[in-house]
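Listed below, chain by chain, are the residues.
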Amino acid sequence: MMMTGLKKKHLVVLVALAAVLPFLNSLSGDFVWDDRTLILQDYKLQHLNYFSSLFLRDYFEHADEEIKYGYYRPLVSLSLMADFSLWGPRPFGFHLTNVLLHGAVSALVFLFLSRLFPRRGGVALASALVFAVHPVHCESVAWISGRTDLIATGLMLSSLLALASAPARRWGLPLSLLLFLLAPFAKESALVLPPVAAAYLAAFEPQWARRRAGRLVLLYGLAAAVYLTLRFAVAEVKTGAVAVLTPAETVFSSLSTLLLYLGKILLPLNLTAYITNPPASSLLDPRAAAGAAILAAILFWLVRSWRKGDRPLVFILAFALVSLAPLANIVRISGPADMGFPAAERFLYAPSIALIAAGVALVSYLLRGRRPRAVLTVGAVLVLAVLTVRRNAVWRDEGALFADALRSSPNAPLLWNNLGVHYSRTGRHEEAVRHIERGLSLAGPNPRLLVNLAAAMRDAGRFEESLALLDRAAAGRVPAAIRHNRGRVLAALGDDRAAATELEEALKLHPARVEIMIDLAETYKRLGFYDRAERVYEQALELHPAAALWSNLGVVRKLAGDLEGARAALMKSLSLDPGASAARGNLGVVLARMGLYPEALRELRAARSLDPANLDAANALGVLLAQTGEESRAEGLFLEIARDHPGNGEAYINMGILQHRRGRKEEAARWFERARAVAPGDPRVAAFFRESGR
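Everything quoted here is computed from the prediction, not taken from an experiment. Residue numbers here run from 1 along each chain, matching the order of that chain's written sequence. Given that this is a predicted model, residues contribute local features only at a pLDDT of at least 70 and side-chain atom pairs are listed and counted only at 80 or more, while totals for whole chains, interfaces and linings are drawn from all residues. Side-chain metrics in this entry use all non-hydrogen atoms of the structure; hydrogen atoms and water are not considered.

Now, about the overall build of the chain: what can you tell me, with residues and values included?
The helix and strand tally for the chain stands at 34 helices and zero strands. When its C-alpha atoms are laid out on the principal axes, the chain stretches across 105 × 55 × 45 Å. Type-normalised accessible area, obtained with a 1.4 Å probe on protein chains alone, sets the label of each residue: buried when under 20%, exposed when over 50%, and partly exposed for intermediate values. Counting the 694 residues in the chain, one finds 53% classified as buried. Considering only contacts in the chain between residues 6 or more positions apart, those separated by 24 or more positions represent 64%. Note on areas: Shrake-Rupley, 1.4 Å probe, and residue coverage restricted to the protein chains presented here. When the accessible area of the chain is evaluated, it comes to approximately 30700 Å², of which 61% is carbon and sulfur surface. Here the chain contributes 78 positive and 60 negative side-chain charges, whose respective centroids are spaced 13 Å apart. Under the DSSP-based scheme used, a helix requires at least four consecutive residues in state H or I and a strand at least two consecutive residues in state E, with every element numbered from the N terminus. The contact definition used throughout considers only heavy atoms, calling two residues in contact when any of these lie within 4.5 Å. Positive charges come from Lys and Arg alone, negative charges from Asp and Glu alone, with His and the N- and C-terminal ends not counted. Note that the charge is assigned to NZ on lysines, CZ on arginines, CG on aspartates and CD on glutamates.

Given below as structure tokens:
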């Protein structure tokens, strides 16, 4: 079936829409798993002035102070920076980018396969539609961090399309080389493109390629060398906690993993974010034997297609084998040791193009007649789309994701730990403790899990147990994390001096960790060391000029009596985040102390309007109303706070002060009695009873 230019345009749109529609429910998903480290906690992605630094660091630079993963993916980091500049810390926009990228890649799949099968347009369309809606791609699309494969695959396909035009257009080869040069900066697996390009040229342009063979090898080799030179100069290469396999075990495990991957393409019902894939030690393992049979069948089909002159199938089968090669784990892929032979569904994104196209071509050969093929295609696309919509729901938040993964890998310590950390983050502290303890029982005395369990116990109020766990973890390799958590526990116990010592040591070990700086500055603030707190916040702001840090600096300056400095810092905070109620409330207090009452009233009212639960701003507003002669309105506001928030001692104290000023001593005493019940240590309460002789 030949397609006119106009019809092909319509089909491109159809494929792109088919790719986008099943993933629309992923737009409501949260940040999960690596998203938190790569986006929410990485301050360099949040400020455009760090643009150039993204080319000079490990992709997971911010993940951990001791471990470097050896990934160099500045293109992905740049895409995340662009999203953050547009959307801020809202996941919707990041998910939207992923969905649109998948739509674009699916359209490229159709355009590329249309060149391979110009007389079998149905194969190209059916393959592209199946690729577009396949649920095995949920990990790459519904997970924000999965976009590495989306970008790399899109660049690889674009490079191949440019190469296909090279014999007729002079710009084709330079463009293909440029796109290939960019692709590995999104994911290392894109380095398979030169052999894929060689297979394409051997199948479709042998004479053109033969005349330029030396030049092609040199140019593609130089492009790969540029990437590898930068990668090894910037990123250390580590193997991670992978299982150590012999060469024979690697070969047999690769064969068994081939079976696993084909199963996920043909019957995508057992999908999981965490694949436990035990190594295979010989061909006596049924999985390895089946994988060997599949590989033999593919090779037989490739040779047969070559002899028959079926160039599209020759290339597609070669593409499948070459794109699967990085998954053979000859160059070790980082992963938890209990995972066995590392495997992941996102690894299938690019290889699935060839695997699906080969499968569709086989079905097309076996199933005669246009109508049966059309019915089968529509049915398969609809079923796969439904499975994709259902699978997206698993990626909506970390609770759903890790609980689902545990159903298939119940003995994975990492999953128990991650689910526990999620529960801790959402306030379910005892559940967090139980889950991380379960992970520790499976992993043994893992320092990272011990630190996470200590943090969960701290949040649950079990401070002594938390400190004991941190002492156990000290034998491991995460000293900065241990010091940091010890500082937090000691601060929670009220020992701010000891907390400051621990946090100072943590900062020495990791001087660019903004989270440590914040905790240390807040500790100094509680100790009354305002000059030290100010210096630490200024240091943090040099790294991460965020609205919240400017606001915190303003509070420190306010406490130190530097009202002009506090005003400047708080106004800077509001210029970055005008909707910050806390910053507006603090600015109102500063303005009031400067005698700028109209401006102060405006800011305090705005703070309360932005967040009715901002009780500090509400109390400050009441105090200012009383000072400006509106005592009745102040009294009404204090009564409202006391009624709606009976545990707020500040409202009781302010009411007591107001009534005492009015000469209503008995009524003032009643309010101070209520304040003493909820805030017995407040010096204003003690002063009242001391001065009144009560």
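And the narrative resumes.
Describe the environment of Leu-658, with residues and values.
Tracing the backbone through its elements, the reader meets Leu-658 in helix 32 (residues 649-661). In this structure the C-alpha to C-alpha distance between Leu-658 and Trp-550, which are 108 residues apart in sequence, comes to 33 Å. Contacts of Leu-658, omitting those with residues within four sequence positions, involve Ala-626, Glu-631, Glu-635 and Phe-638.

Mind laying out the packing of helix 24 (residues 514-527) against helix 26 (residues 547-560), listing which residues take part and the relevant values?
For any two helices packed against each other, one specifies the crossing angle of their axes together with the interaxial distance. Here an axis means a line fitted to C-alpha atoms, over the contact stretch when the element is a helix, while the angle between two N-to-C directions is reported on a 0 to 180 degree scale. Closest axis-to-axis distance for the helix 24/helix 26 pair is 11 Å, and the angle between their directions is 20°. With respect to helix 26, the element helix 24 is oriented roughly parallel. In terms of crossing hand, the pair formed by helix 24 and helix 26 is left-handed. The residues of helix 26 that touch helix 24, namely those facing Val-514, Ile-518, Glu-522 and Lys-525, are Leu-549, Asn-552, Val-555, Val-556 and Leu-559. Note that the term roughly parallel is reserved for angles under 35 degrees, roughly antiparallel for angles over 145, roughly perpendicular for angles of 65 to 115, and oblique for everything else. With the far helix as reference, a near helix turned anticlockwise by less than a right angle produces a left-handed crossing, and one turned clockwise produces a right-handed crossing.

Could you give an account of unusual backbone geometry, naming the residues involved and the relevant values?
For Trp-33, which is not glycine, the phi torsion reads 55° and is therefore positive. Along the chain, Trp-33 falls in the loop between helix 1 (5-20) and helix 2 (34-40). Residue Trp-33 is classed as buried on the basis of its relative accessible area of 19%.

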